[in-house]
Amino acid sequence: MTEALSSLAETFKNVGVTRAYGTAVKVDGEELIPVALVSFGFGGGGNSEAEGADTAGLESAAGGGGGGFVLPLGVYCRNGSGHVAFRPNTIALLGTLVPLVCAVGFTARGILRTLRR
């Protein structure tokens, strides 16, 4: 189990940087570098006491899993004169703000209900 986790850690060592900043692409004389928010994690576990416990009727258990997400934030643009600007992805920005606005709204509603009583 330890070998599998160390193998995964070595495989994904630089994945965050390569996923967060994609390869540059030339479009209409501008160089575009995609930028994303990347998050992933892995975990695993097992029952170390179960090796000698088979005689007692207990079974050994082990498992693991992982997951993650990539959220495109926008692109860095560099034109022919070397000027660099960041252009945000407005759809992703709106998509991430919707849960935040809902949470703030529910919190404000709860505070107002409490103050009325």
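Structural data are supplied above this passage.
In short, a report on the structure. In this text the structure is predicted, and so the values were computed from the model without any measurement. (Residues numbered from 1 in each chain as written. Predicted model: local features only at pLDDT ≥ 70, side-chain atom pairs only at ≥ 80, totals over all residues. Heavy atoms only, no water.)

## Overview of the overall build of the chain
- Along the backbone of the chain there are 3 helices and 4 strands.
- Taken over 117 residues, the chain has a buried fraction of 9%.
- Long-range contacts, defined here as pairs at least 24 residues apart, represent 50% of the contacts in the chain between residues at least 6 apart.
- As displayed, the chain offers around 9200 Å² of accessible surface, 61% of which is attributable to carbon and sulfur atoms. (Helix = DSSP H or I, 4+ residues; strand = E, 2+ residues; numbered from the N terminus. Buried < 20%, exposed > 50% of the residue type's maximum accessible area, 1.4 Å probe, protein only. Contact = heavy atoms within 4.5 Å. Areas by Shrake-Rupley, 256 points an atom, 1.4 Å probe, with all protein chains shown as cover.)

## A short note on the pattern of salt bridges
- Here the structure, examined in full by the defined rule, presents 2 salt bridges.
- The salt bridge involving R87 is made with E30; its shortest N-O contact spans 3.3 Å. Residue R87 is located in strand β4 (residues 84-88), and its partner E30 is located in strand β2 (residues 30-46); the two are separated by 57 residues in the primary sequence.
- According to the relative accessible area criterion, R87 is partly exposed, its value standing at 44%.
- By relative accessible area, which is 21% here, E30 ends up partly exposed. (Salt bridge = Lys/Arg side-chain N within 4 Å of Asp/Glu carboxyl O.)

## Concerning the sheet that holds strand β3 (residues 62-78)
- Strands sit in the order β1-β2-β3-β4 across an open sheet of 4 strands; the sheet is antiparallel. For this open sheet the edge positions go to β1 (25-27) and β4, each flanked by a neighbour on one side alone. Averaged over all neighbouring strand pairs, the angle between strand axes comes to 35°, with direction disregarded.
- As judged from the 3 bridges shared by β1 and β2, these two strands associate in the antiparallel manner. (Pairing = 2+ DSSP bridges. Axes fitted to C-alpha atoms, helices over the stretch in contact; angles between N-to-C directions.)

## Looking at the side chain of E31
- Tracing the backbone through its elements, the reader meets E31 in strand β2.
- At 2.4 Å, the side chain of E31 and the side chain of R78 are in polar contact.
- Ignoring sequence-local partners within four residues, the contact set of E31 consists of A24, V25, Y76, C77 and R78. (Polar contact = N/O pair within 3.5 Å; in protein donor to acceptor, adjacent residues only side chain to side chain.)

## Some thoughts on helix α3 (residues 90-116)
- An ideal rise of 1.5 Å per residue puts 39 Å on 27 residues; α3 measures up with 38 Å between its terminal C-alpha atoms.
- Taking the backbone nitrogen of I91 as reference, a side-chain oxygen 3.3 Å away marks N89 as the first, capping residue of α3. (Expected span 1.5 Å × (residues − 1).)

## Digging into the environment of F86
- Inspection of the secondary structure assignment puts F86 in strand β4.
- According to the relative accessible area criterion, F86 is partly exposed, its value standing at 38%.
- For F86 and Y76, which are 10 residues apart along the polypeptide, the C-alpha to C-alpha distance reads 4.5 Å.
- With sequence-adjacent residues up to four places away left out, F86 is seen in contact with V35, L73, G74, V75 and Y76.

## A word on a positive patch on the surface
- On the surface, a cluster of positive charge is contributed by R109, R113, R116 and R117.
- R113 gets classed as partly exposed once you look at its relative accessible area, which sits at 47%. (Patch = residues over 30% accessible without salt bridge, like charges linked within 9 Å, V, L, I, M, F, W, Y side chains within 5 Å. Lys, Arg positive; Asp, Glu negative; His and termini not counted. Charge placed at Lys NZ, Arg CZ, Asp CG, Glu CD.)

Everything listed is a geometric property; what it means functionally is a separate question.
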